[in-house]
Amino acid sequence: MQDNIFAVPRANLGDFTFDDTVANVFPDMIKRSVPGYSNIVQAIGMFTKKHAQENTNLYDLGCSLGACTIEMRRNAPKNCKVIGIDNSNAMLKRAKDIILNYKSETPVALELADITTYPLENASVIVLNFVLQFIPMELRDNLIKKIYDALTPGGILVLSEKFAFPDERIKTALYDLHLDFKRANGYSELEIAQKRSSIENVLIPETIAKHKERLAQVGFNSMDVWFQCFNFGSFIAIK
Ligand code: GEK
């Protein structure tokens, strides 16, 4: 279904939430809004194939409709369990409908929970695909630390985010290209403007340097950006 949530003028925009209206159009919304999204989801399957270890858990934190959950499950080795977690009931109930249609020998659990408090253990792959940016700033360090602690040696975190930039000219150049990307995908100026004011208090991006500093602080020695398109990108961090 096509995303036209912001197509007509709205007097009270309010803060963006992951409700039924958003969940209904989510696959269309994220593909038309996030450059590289489909490539990243596909690569998460490839990272899973290379780095997942037998007899471990694979977590998709903030799974939405389960696009990454499906790729992780498809590429999991023997005796793994895939666990998708989201605190939006609208997302999770649709994720269940979609994922339970896929046959697989790998068990999958979909949990309605807050990833900042959900316990993680014995994990060889953890995915945070465009989710940390929605977590309150004061909880981000603890979440990344919890992820590091839950990973087995050789285990991998894939962290994808919208980026902030310290240099104003770079920021403007990349943000402008993102706007052009949205226009090219059929969003009107009104839709772009209303989405921006609705999401600006909810999605707080950080710089690449800040992400690297946090990853290093919790103990990741091996980490870098593996993908970037305009102001969106993704890190891998290996324990
Ligand atoms: C994908 N990863 O398709 N606990 C659990 N879930 C949360 C929390 C939280 N504290 N905060 C936000 N979420 C997906 C896309 S979307 C990204 C992820 C986007 C969930 C929220 O309910 C939503 O489903 C998801 O994080 C963010 O690869 O919309 O830009």
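**Re the side chain of Thr-152**
Turning to step 1, where the next piece is worked out: By the element assignment, Thr-152 lies in strand β5 (residues 151–164).
Turning to step 2, where the next piece is worked out: The residues touching Thr-152, leaving out its near neighbours within four places in the chain, are Gln-53, Thr-56, Asn-122, Ala-123, Ser-124 and Lys-239.

**Quick notes on the packing of helix α1 (residues 20–33) against helix α6 (residues 168–184)**
Turning to step 1, where the next piece is worked out: Where α1 contacts α6, the two axes come as close as 8 Å, and the packing angle between them is 135°. Of the possible angle classes, the one that applies to α1 and α6 is oblique. Of α6, the residues touching α1 (which contributes Lys-31, Arg-32 and Ser-33) are His-178, Phe-181 and Lys-182.
Turning to step 2, where the next piece is worked out: Class assignment for the residues of the contact of α1 with α6 results in one nonpolar, two polar and three charged.

**A short note on the pairing of strand β7 (residues 222–229)**
Turning to step 1, where the next piece is worked out: Pairing of β7 with strand β8 (residues 232–238), which is carried by seven bridges, proceeds in the antiparallel orientation. Within the sheet, the bridge partner assigned to Cys-229 lies in β8 and is Phe-232.
Turning to step 2, where the next piece is worked out: The antiparallel pairing of β7 with β8 creates a hairpin that spans two residues between the two strands, and Phe-230 there sits at a positive phi of about 55°.

About the cut-offs
Residues numbered from 1 in each chain as written. Predicted model: local features only at pLDDT ≥ 70, side-chain atom pairs only at ≥ 80, totals over all residues. Heavy atoms only, no water. Helix = DSSP H or I, 4+ residues; strand = E, 2+ residues; numbered from the N terminus. Contact = heavy atoms within 4.5 Å. Axes fitted to C-alpha atoms, helices over the stretch in contact; angles between N-to-C directions. Parallel < 35°, antiparallel > 145°, perpendicular 65-115°, else oblique. Nonpolar A, V, L, I, M, F, W, Y, C, P; charged D, E, K, R; others polar. Pairing = 2+ DSSP bridges.

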